[in-house]
Each structure stands twice: as structure tokens, then as C-alpha cells.
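Working through the structure, step by step
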Amino acid sequence: MGSLEGKVAVVTGAAQGIGLAIATRLVADGARVVLGDLDADGAEKAAGGLGAGASAVRCDVTSEQDMTALVGEAVTRYGALDVMVNNAGITRDATIRTMSLDDLRIVLDVHVAGTWIGCKVAGAAMRAGGSGAIVNISSIAGKVGNFGQTNYSAAKAGIVGLTKACAKEFAKDGVRVNAIQPGLIRTAMTEAMPEQAWNSKMAEIPLRRAGEPSEVAAVAAFLAGPMSSYMTGAVLEVTGGRYM
Ligand code: NAP
């Protein structure tokens, strides 16, 4: 029996990359999973590949209405919400000298407001059942600050503060809230990076390789399940040792 047997999970930004790897891992561990993504066709296709235990909903994480509907789908279809993974994300990289205020605002909106809404709606659904686990995907950029990513670094640091504050507010209801800070993980987001930037990041990684989405997913499954029952407000780095 998997460690998440009978549990119900929602993963945002799950049509591809780390979100899809997390949904795949949660299904493998026994959970039924609703995949939310802006990309409706991609999410449908991804859920189809995961079998009967998965379904998809088009969802923009910056919309409270969409997120309420996404969590509502999990509760209506499967009867509860046990796990929420706030993973959806975007980048709009430029140095601050050339970055527009719009590029700051959209990145903060998706990461900070999107995760805040995810915590709010999931927390309400979990409170009813007296337990739950929320996993927020931050980034090592939120710890160290990345050149060319003032917007993204601020957003990912914001997710850390939000995670800790929610952990304190939700603890009395049996709901745990933790975060992951991945380093360089091989996905569409990082494949778009110039080769020079990729190589300079690789040189900083003690384990001497990029991480795979499945390696972030394994940590998300740990935080979602009973093995982390005494952890809340924690931030786990999955970086191959970079910036330890
Ligand atoms: P990805 O391959 O670009 O996947 C992100 C997914 O989120 C896409 O399917 C995207 O849909 C979706 N999305 C974007 N905006 C959304 C919104 N407003 N509402 C709902 N879905 C939305 O990225 P990834 O590399 O897997 O990253 C996943 C998470 O890990 C992000 O939070 C990212 O910041 C974080 N992270 C990644 C790395 C890395 O090295 N890859 C490192 C640290 C942290 P569209 O394609 O339609 O936009």
C-alpha cells in the first residue's frame, strides 16, 4: 500500500515539469489527484496519462474563483482534500535596470498571490476534515537572490514567509504547511535558459548535475505524507548541495 493510499490531492501547474512529476508521484503513492493548470489541454493529457486516479481542471492560480472551483472539484469528485501542492510558476527575467513594473507584478501575482489563494482555499477545505498537508514550491532564488530575477527572487522569498505564517495559523486545525526550494531542475522553464547561464549554475552544484523533476516530487510526497507528521513551517532545499 502506498503512503498516500486513499488521500486526495490537488497540484497546480501540473500539466508539465515539476507539477506533473509531483502529480505522477502522488498517484504512484496511492492518492487521487486533480491537476490544475492554465493549459487545459496539457492538463487533460497529463491526467489521462495517469489513469483513473487523476482528473484535470483548467485553472489560473491568480483567480480565487478558479482556485475555489479546483479545490471544489477534488472535494466533490473524491470526497475530501488532504494534500495541496502550490506549484504553478512563471519567470520574466531581466536585470532591474530593464525590467518593467508589469513583469514584477505578474510574477508576484502568480507566485505569491497564487500560493496565498491556494493556502486559503485548501486551508478552508482541510479545516473541515481536521487534517491536511500543504506543500508550497519556492526556489533557492528566494534564499540567495538570482541575478536577473529580482521579481522571481522576491516572489519565492515571499512564499517562504507565507508558508511559515500559514503554518502557525493552520496548526491548530491539524493542517501542516511546508515549502520546497528546488535548485536547478531540468524542465521547460530551465531549458529556456541561455547555455552560459546553465553552465555557470552547474559549476556551483556539489553533486555536479541538474536535478530531475522526480527528485523534487519525492520530497513533495514526503511532505504530503505521514513520514513528515511532525514537520510544519519547514523549508527543504533540493539543490544538489548548491548554496547550502
Ligand atoms: P514549467 O515547466 O514552466 O511548468 C509550470 C506550469 O505552471 C506550466 O504548465 C504553466 O502553464 C503553469 N502555470 C503558469 N502560470 C499559471 C497560472 N497562473 N495558473 C495555473 N498554472 C500556471 O515550470 P517548472 O520548472 O516545472 O516549475 C514548477 C515550479 O517549480 C515553479 O513554481 C517554479 O518557479 C519552481 N521552480 C523550478 C525550478 C527549476 O529549475 N525548474 C527551480 C526552482 C523552483 P503554461 O505552460 O500554460 O504557462
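This report concerns the structure included in the present document. (Residues numbered from 1 in each chain as written. Predicted model: local features only at pLDDT ≥ 70, side-chain atom pairs only at ≥ 80, totals over all residues. Heavy atoms only, no water.)

The number of helices and strands found in the chain is 9 helices and 7 strands. Here the chain has a C-alpha radius of gyration of 17 Å; the compact-globule value for 244 residues is 18 Å, and the two agree. Along the first, second and third principal axes, the C-alpha atoms of the chain reach 50 × 35 × 35 Å. The proportion of buried residues among the 244 residues of the chain is 50%. (Helix = DSSP H or I, 4+ residues; strand = E, 2+ residues; numbered from the N terminus. Rg over C-alpha atoms; globule rule 2.2 N^0.38 Å. Buried < 20%, exposed > 50% of the residue type's maximum accessible area, 1.4 Å probe, protein only.)

Take the sheet that holds strand β1 (residues 8–12) next. Taken together, the 7 strands give an open sheet; going across it, the order is β3-β2-β1-β4-β5-β6-β7, and neighbouring strands pair in parallel fashion. On the outer flanks of this sheet lie β3 (54–58) and β7 (235–238), each paired with one strand and no other. Across the sheet, the axes of successive neighbouring strands diverge by a mean angle of 20°, strand direction being ignored. In the sheet, strand β5 (residues 132–137) pairs with strand β6 (residues 175–182) via 6 bridges, with the strands oriented parallel. The residue of β6 that forms the bridge with alanine 133 is arginine 176. (Pairing = 2+ DSSP bridges. Axes fitted to C-alpha atoms, helices over the stretch in contact; angles between N-to-C directions.)

All right, on to the pattern of salt bridges then. Under the definition given, this model contains 9 salt bridges. One salt bridge in this structure joins arginine 58 and aspartate 66, with 3.5 Å as the shortest N-O distance. In this structure, arginine 242 and glutamate 204 form a salt bridge, with 2.8 Å as the shortest nitrogen-oxygen distance. Taken together, the positions of arginine 242 in the segment after β7 and glutamate 204 in the loop between α8 (195–202) and α9 (213–224) put the pair 38 residues apart, joining distant regions of the chain. The buried category is assigned to arginine 242, whose relative accessible area is 3%. Overall, the relative accessible area of 37% leaves glutamate 204 in the partly exposed class. (Salt bridge = Lys/Arg side-chain N within 4 Å of Asp/Glu carboxyl O.)

With that settled, consider the site of the ligand. Around the ligand sit 28 residues in total, of which Ile18, Asp37, Asn87, Tyr152 and Thr187 are the nearest. In the environment of the ligand, a nitrogen atom lies 3.4 Å from a nitrogen or oxygen atom belonging to the backbone of cysteine 59. Backbone polar atom of isoleucine 185 to an oxygen atom of the ligand: 2.8 Å apart, as the coordinates give it. For the ligand, whose free accessible area comes to 890 Å², the fraction covered by protein is 88%. Counting residues per element, the ones that place at least two in the shell around the ligand are α1 (17–28), α6 (150–170) and α7 (188–191). Among the elements that make up the shell around the ligand, the one with the highest residue count is α7 (3 residues). (Near = heavy atom within 4 Å. Polar contact = N/O pair within 3.5 Å; in protein donor to acceptor, adjacent residues only side chain to side chain. Areas by Shrake-Rupley, 256 points an atom, 1.4 Å probe, with all protein chains shown as cover.)

A few words on unusual backbone geometry. Peptide bonds are trans in most cases, and residues, glycine excluded, mostly fall at negative phi. Unlike most non-glycine residues, arginine 208 shows phi in positive territory, near 60°. Turning to its location among the elements, arginine 208 is positioned in the loop between α8 and α9. Positive phi, normally seen in glycine, also occurs at tyrosine 243, with a value near 60°. Relative to the elements of secondary structure, tyrosine 243 occurs in the segment after β7.

Let us look at helix α4 (residues 101–129). Compared with the 42 Å implied by 1.5 Å per residue over 29 residues, the 41 Å span of α4 between its first and last C-alpha is a close match. Considering bend angle alone, the principal kink of α4 is centred on aspartate 109 and spans about 35°. What α4 keeps buried is the set Val107, Val110, His111, Gly114, Thr115, Ile117, Gly118, Cys119, Val121, Ala122, Gly123 and Met126. Here the buried face of α4 lies against α3 (64–78), β4 (83–86), β5, α6 and β6. Phi turns positive, to about 75°, at glycine 130, one or two residues after α4. (Expected span 1.5 Å × (residues − 1). Bend = angle between axes of the 7 residues up to and from the residue. Contact = heavy atoms within 4.5 Å.)

Okay, the nonpolar core next. Formed by 34 residues in total, the largest nonpolar core has its most connected members in Val11, Ile22, Leu26, Val33, Leu35, Val85 and Ile180. The dominant element in this core, judged by the number of residues it contributes, is α9, at 7 residues. Once you skip the residues sitting within four places of it in the chain, isoleucine 180 turns out to touch Val135, Asn136, Ile137, Ser138, Ser139, Val216, Val219, Ala220, Leu223, Leu236 and Val238. One finds Ala74, Met84, Ala141 and Tyr152 within the second-largest nonpolar core, a separate group that totals 32 residues. (Core = buried A, V, L, I, M, F, W, Y, C linked by side-chain atoms within 4.5 Å.)

Below, the discussion takes up the pairing of β6. Of all 8 residues that make up β6, 8 are buried, and the element is covered over most of its length. Here β6 shows a buried face lined by Val175, Val177, Ala179 and Gln181 and a second buried face lined by Arg176, Asn178, Ile180 and Pro182. The pairing of β6 with β7 spans 4 bridges and is parallel. The partner of alanine 179 across the bridge, within β7, is valine 235.

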